[in-house]
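Structural description and commentary
For reference, the chains in residue letters:
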Amino acid sequence: MDRGFSDKIEKKFDSLTGAYERFAIENFARRLINENHPFSLILIDGDNFKNVNDGYGHKVGDIVIQIIAKRIMESVGEDGFVGRFGGDEFMVLLPDIVEYDDVWSFCRKTHRFFENFSVPDYPAIFITITTGLSRFPNDGKTYDELFEKSDKALYRGKQKGRSCFIIYLDSKHKNIKIYSKDAPGSNSMHQHNTVFNLLSKSDDFRESIPYLLQFFTTTLMIDHVCIQGKKSIVFSEIYSLSAVKEFSFIDNALVSLNLNKSTAVFCLNDVNNLSASHQNVLLGIFASQKIVSSLFAEISYGDTVYGYLRADATSTFRIWQNSDMDLLLTAAKAIGMQLHFQKKTLEDFL
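What you see is a predicted model, and the numbers here were worked out from it, not measured in a lab.

To continue, consider the pairing of strand E4 (residues 129-136). E4 sits mainly inside the fold: eight of its eight residues count as buried. Side chains of E4 alternate between two faces, with Ile129, Thr131, Leu133 and Arg135 and Thr130, Gly132, Ser134 and Phe136 buried alike. By the bridge criterion, three bridges tie E4 to strand E5 (residues 165-167) in an arrangement that is parallel. By the bridge assignment, Gly132 is partnered in E5 with Ile166.

Given below as structure tokens:
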């Protein structure tokens, strides 16, 4: 980095990755703030990295961290400074790069460096990154304020399905609450219990289902969640921050054609993958509704299929997590059970 910035950061480096140590990069951010110098603060986190350590061991995990760091540093180049924050988490500082279009282009470039990610001798390992960014002085006047904003943006990206970047905007992200993995709001057992509590609020689906769909859109930050019967959408909830406000029914025959029979789920991280199987009709339907990722969980009981619990992402691709699919499928099966014992169909609620 020219313009004299390299003389303002301590030459202390992480032994594993060669990136700056955490305290060096943090102190540099504070120095830029003290000098009232505009910059962007970026947090980058590897997605599903825990699976690498659990499945392959920490030695392979270290190799993956080194590859992640190398790709980040190559993407940043002379534009900024990269520090290892801990584990597979990194912080990037970009002096003088604060205009929205400029930081958007920078983040897009960084994410392109993670396309076709591969680890020598371990072809099954696939890593993506999620990025959260805030800007000084736009988003905060202290390091703690900036870090909090970047962390909220990163958290929003994780909730949207990972493998994306979020630029903090007060109008969109101010009220985001970050939960630890052990907090009730993010605990799987708590979420499953919430699903059953919401479904049992009332015997009338017209009262209980809207609460359930609202829970999914806000907790999982999904743009659109709906329940569709045989020929139409019966219940629908659109997330307040979704850029798309209109969604329509998708033919169940097209869905069942792709359903995984063992899990009763049809999941698409990227709807464009349908082109490989020449499903241009379904791909066109998704495109017309600006849907880029979608998931369908079968609402059924025994051999009777009532419809689907459907979740759509629009602005960025969503990598559906096992926890997402598990929660949505649990809700779908619970709905199917209620319909069976109430001797009703979804069309009874139109």
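What follows picks up the thread again.
Between helix H2 (residues 49-56) and helix H3 (residues 58-76), whose axes approach to 7 Å, the crossing angle comes to 145°. Contact residues: Phe49, Val52, Asn53 and Tyr56 in H2; His58, Val60, Gly61, Val64 and Ile65 in H3. Along the lines of polarity and charge, the residues of the contact of H2 with H3 split into six nonpolar, three polar and no charged.

Let us now look at the pattern of salt bridges. For the structure shown, the criterion picks out 13 salt bridges. Between Lys12 and Glu10 there is a salt bridge whose closest N-O contact spans 3.6 Å. Accessibility expressed as a relative area gives 44% for Lys12, which makes it partly exposed. Across the pair Arg310 and Asp312 runs a salt bridge whose closest N-O atoms are separated by 2.8 Å. On the basis of relative accessibility, which here comes to 0%, the residue Arg310 falls in the buried class. Each member of the salt-bridge network shares a partner with another, and the members are Lys8, Arg31 and Glu35.

A few words now on the nonpolar core. The biggest cluster of nonpolar side chains holds 34 residues, and the ones touching the most others in it are Ile209, Leu212, Phe216, Ile227, Ile299, Leu309 and Ile335. Elements supplying a minimum of two residues to this core: helix H7 (188-199), helix H8 (205-219), strand E6 (224-228), strand E7 (233-238), strand E9 (293-301), strand E10 (304-313) and helix H11 (322-342). Sort the elements by how many residues they give to this core and H11 lands first, with eight residues. Leave out the neighbours within four places in its chain, and Leu309 touches Leu213, Phe216, Val225, Cys226, Ile227, Leu295, Phe296, Ala297, Ile299, Leu328, Ala331 and Ala332. Among the nonpolar cores identified, the runner-up in size contains 30 residues, and Ile67, Ile72, Phe106 and Ile129 belong to it.

Our focus in this paragraph is the sheet that holds strand E3 (residues 89-95). Within a sheet, adjacent strands bond to each other through the backbone by hydrogen bonds, running parallel or antiparallel. The five strands lie next to each other as E2-E3-E1-E4-E5, forming an open sheet whose pairing is mixed. A single partner strand is all that each edge strand has here, and the edge strands are strand E2 (81-86) and E5. Strand after strand, the sheet turns through a mean of 20° between neighbouring axes, direction not considered. Where H3 meets the sheet, its contacts fall on strand E1 (39-46), E2 and E3, and the angle it forms with E3 comes to roughly 10°.

With that out of the way, let us pick up unusual backbone geometry. Cis geometry marks the peptide bond from Phe136 to Pro137, where omega comes out at 5°. Residue position: Pro137 is located in the loop between E4 and helix H5 (143-159). Non-glycine residue Asn116 carries a positive phi angle of around 60°. Unusually for a residue other than glycine, Asp121 sits at a positive phi of about 75°.

What the rule picks out here adds up to 15 aromatic pairs. Relative to Phe81, the ring of Tyr20 lies with its centre 6.1 Å away and its plane at 55°, an arrangement referred to as tilted. Placement of Tyr20 in the segment before helix H1 (22-34) and of Phe81 in strand E2 is noted, with a sequence separation of 61 residues between them. Phe81 shares its class with Tyr20; the two are buried. Both rings, one in Phe205 and one in Phe349, keep their centres 5.1 Å apart while their planes meet at 15°; by these two values the pair is stacked. Taken together, the positions of Phe205 in helix H8 and Phe349 in the segment after H11 put the pair 144 residues apart, joining distant regions of the chain. You'll find Phe205 and Phe349 in the same group, each marked buried. Three or more aromatic residues joined by ring pairs form one cluster here, namely Phe13, Tyr20, Phe28 and Phe81. Its end group placed over the ring of Phe85, Arg22 keeps NZ or CZ at 3.8 Å from the ring centre.

Strand order in this open sheet of five strands is E7-E6-E10-E9-E8, and the pairing throughout is antiparallel. What marks the edges here is a single partner per strand, and that holds for E7 and strand E8 (265-268). Across the sheet, the mean angle from the axis of one strand to that of its neighbour is 10°, orientation sign disregarded. In this structure, E6 lies alongside E7, joined through five bridges in antiparallel fashion. When the bridges of E7 are listed, Val225 appears paired with Glu237. Where H8 meets the sheet, it contacts E6, E7 and E10, and its direction lies at approximately 40° from that of E7.

Conventions we followed
- Within each chain, residues carry numbers counting from 1 in the order of the written sequence.
- Residues qualify for local features only when their pLDDT is at least 70, as the model is predicted, and side-chain atom pairs are given and counted only at 80 or more; totals for whole chains, interfaces and linings, by contrast, use all residues.
- Water and hydrogen atoms were dropped before computing side-chain values, which therefore reflect all heavy atoms in the structure.
- Relative accessibility decides the category of a residue: with a 1.4 Å probe and only protein chains considered, values under 20% of the type maximum give buried, values over 50% give exposed, and everything between is partly exposed.
- The secondary structure listing takes helices from DSSP runs of H or I that are at least 4 residues long and strands from runs of E that are at least 2 residues long, numbered from the N terminus.
- In this scheme, strands are said to pair when DSSP sees at least two bridges between them.
- Note on method: axes are straight lines fitted to C-alpha atoms, helices fitted across the in-contact stretch only, with angles between N-to-C directions ranging 0 to 180 degrees.
- Any two residues whose heavy atoms approach within 4.5 Å at even a single point are treated as in contact.
- Any residue outside Ala, Val, Leu, Ile, Met, Phe, Trp, Tyr, Cys, Pro, Asp, Glu, Lys and Arg is labelled polar, Gly included; the first ten of those are nonpolar and the last four are charged.
- We count a salt bridge whenever a side-chain nitrogen from Lys or Arg sits within 4 Å of a carboxyl oxygen from Asp or Glu.
- For our purposes a nonpolar core is just a set of buried Ala, Val, Leu, Ile, Met, Phe, Trp, Tyr and Cys residues, chained together by side-chain atoms within 4.5 Å.
- Only Phe, Tyr and Trp rings are paired, with Trp represented by its six-membered ring, and only when their centres lie within 6.5 Å; those with planes under 30 degrees apart are stacked, over 60 edge-to-face, the remainder tilted.
- Note on geometry: a ring has a charge over it if NZ (lysine) or CZ (arginine) is within 6 Å of the ring centre and within 35 degrees of the ring normal.

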